[in-house]
Amino acid sequence: MSAKLDTTKRITFIGGGNMANAIIGGLLANGYPPTNIIVSEPFEASREKLQSTFGVLTTTDNAAAVAFSQDPKNVTTPADLVMLAVKPQIMRDVAQGIAHAVQKHKPVVVTIAAGITLKDLAKWLSSDAQGNDISGARSPALVRVMPNTPALVLEGATGLFASSEVTEEQKTLAFNVLGAVSKSAFWVEREELLDVVTGLSGSGPAYFFLMVECLAAAATELGLPSEVAQGLARQTCLGAGRMLVDTAEDPAELRRKVTSPNGTTHAAIQSLEASGMRQAFKDAVVAATKRGEELGKMFSQ
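Please read these numbers as outputs of a predicted model, since none were measured by experiment.

Enquirer: Help me out: how do you make sense of the overall build of the protein in this one?
Expert: Per the secondary structure count, the protein includes 12 helices and 8 strands. For the C-alpha atoms alone, the extent of the protein along its principal axes is close to 75 × 40 × 35 Å. Split into buried and exposed, the 301 residues of the protein put 42% on the buried side. Only carbon and sulfur atoms are counted for the fraction: they give 56% of the accessible area of the protein, which is about 16,300 Å². Each charge sign in the protein was given a centre, from 27 positive and 30 negative side chains, and these centres are 2 Å apart.

Enquirer: Just to check I follow, could you spell out a nonpolar patch on the surface for this structure?
Expert: Nonpolar side chains collect at one region of the surface, where F208, F209, M211 and L215 lie side by side and expose about 420 Å² of accessible area between them. Mapped onto the elements of the fold, M211 is located in helix α8 (residues 204-221). Classification of M211 as partly exposed rests on a relative accessible area of 34%.

Enquirer: Would you mind showing me how to read the nonpolar core here?
Expert: One finds F13, I23, L27, L81, M83, V143 and V177 to be the most contacted residues of the largest nonpolar core, which totals 35 residues. Beyond its immediate chain neighbours, meaning those up to four positions away, I23 contacts F13, M83, V177, L178 and V181. The next biggest cluster of nonpolar side chains, apart from the first, holds 30 residues, and it includes A65, M146, F161 and V188.

Enquirer: Help me out: how do you make sense of the pattern of salt bridges in this one?
Expert: Close approach of charged atoms lets side chains of opposite charge pair. Inspection of every chain in the model, using the stated rule, returns 11 salt bridges. Between E169 and K9 there is a salt bridge whose closest N-O contact spans 2.8 Å. On the criterion of sequence distance, the pair formed by E169 in helix α6 (residues 168-179) and K9 in the segment before β1 (11-14) is long-range, its members being 160 residues apart. A salt bridge links R278 to E273, with the nearest nitrogen and oxygen atoms 2.9 Å apart. Within the structure, one salt-bridge network assembled from shared partners comprises R144, E191 and D195.

Thresholds applied
Residues numbered from 1 in each chain as written. Predicted model: local features only at pLDDT ≥ 70, side-chain atom pairs only at ≥ 80, totals over all residues. Heavy atoms only, no water. Helix = DSSP H or I, 4+ residues; strand = E, 2+ residues; numbered from the N terminus. Buried < 20%, exposed > 50% of the residue type's maximum accessible area, 1.4 Å probe, protein only. Areas by Shrake-Rupley, 256 points an atom, 1.4 Å probe, with all protein chains shown as cover. Lys, Arg positive; Asp, Glu negative; His and termini not counted. Charge placed at Lys NZ, Arg CZ, Asp CG, Glu CD. Patch = residues over 30% accessible without salt bridge, like charges linked within 9 Å, V, L, I, M, F, W, Y side chains within 5 Å. Salt bridge = Lys/Arg side-chain N within 4 Å of Asp/Glu carboxyl O. Core = buried A, V, L, I, M, F, W, Y, C linked by side-chain atoms within 4.5 Å. Contact = heavy atoms within 4.5 Å.

Put into structure tokens, the structure is as follows:
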């Protein structure tokens, strides 16, 4: 996806893990200046890697990072966007720790944590570390996103949902930042649909990995060397995906085009249909969607 990035905006990452690294790499590949990115990361080795690999600013102070400063007492221009790239299990503590800074500087806050609802995040960003409401606090501008792991190679698919407080300018900024690592990105109309996005594209890469695993295993049992079976299965998956993206044809039509009547592919498709493949994939998406809903309820408690 081609993203038109406003490179004057200041972006803060709370957490410097794999997804943060992927997004930062995508931003820099699109010409974003590293001096407009700051990462708050507790581990020294990770900070040093971020500095040496990307040349971005780093700090251990989350609130200072929201102010876009390595020193909270020396604030010039605060962050325009704050990306919360931490595990769901620590999101409450992290959010309450930066609540005062968010209320003061009013960035758009983007979360990539699975299962954390905007209702809960808004509550945490309006209270202090002791859980007390901040006097005069307003609902922050929040965007919840569900990227997937192919973002690590700049081939991601991402779903997004924005709270009513998010301006059009902030929506554009959030969309374009995620677009730096996503070939497809879509806004959804209701937040609960992000659980469906989780079941489809968030968990989806694992479905393809399993498919390649099964195809290669079958071919190996039939006599192909493992490395040959793996190589052919991997490239077949990649090539089929490229045809889906580049031609924009309906997948059912592409399947029909490569399925000659009574041919080898026809025999294979009949076998898959008889094995209940369609229902198996439906069940997988439903299971992942329901688990996303369950995680949301668990983290809100």
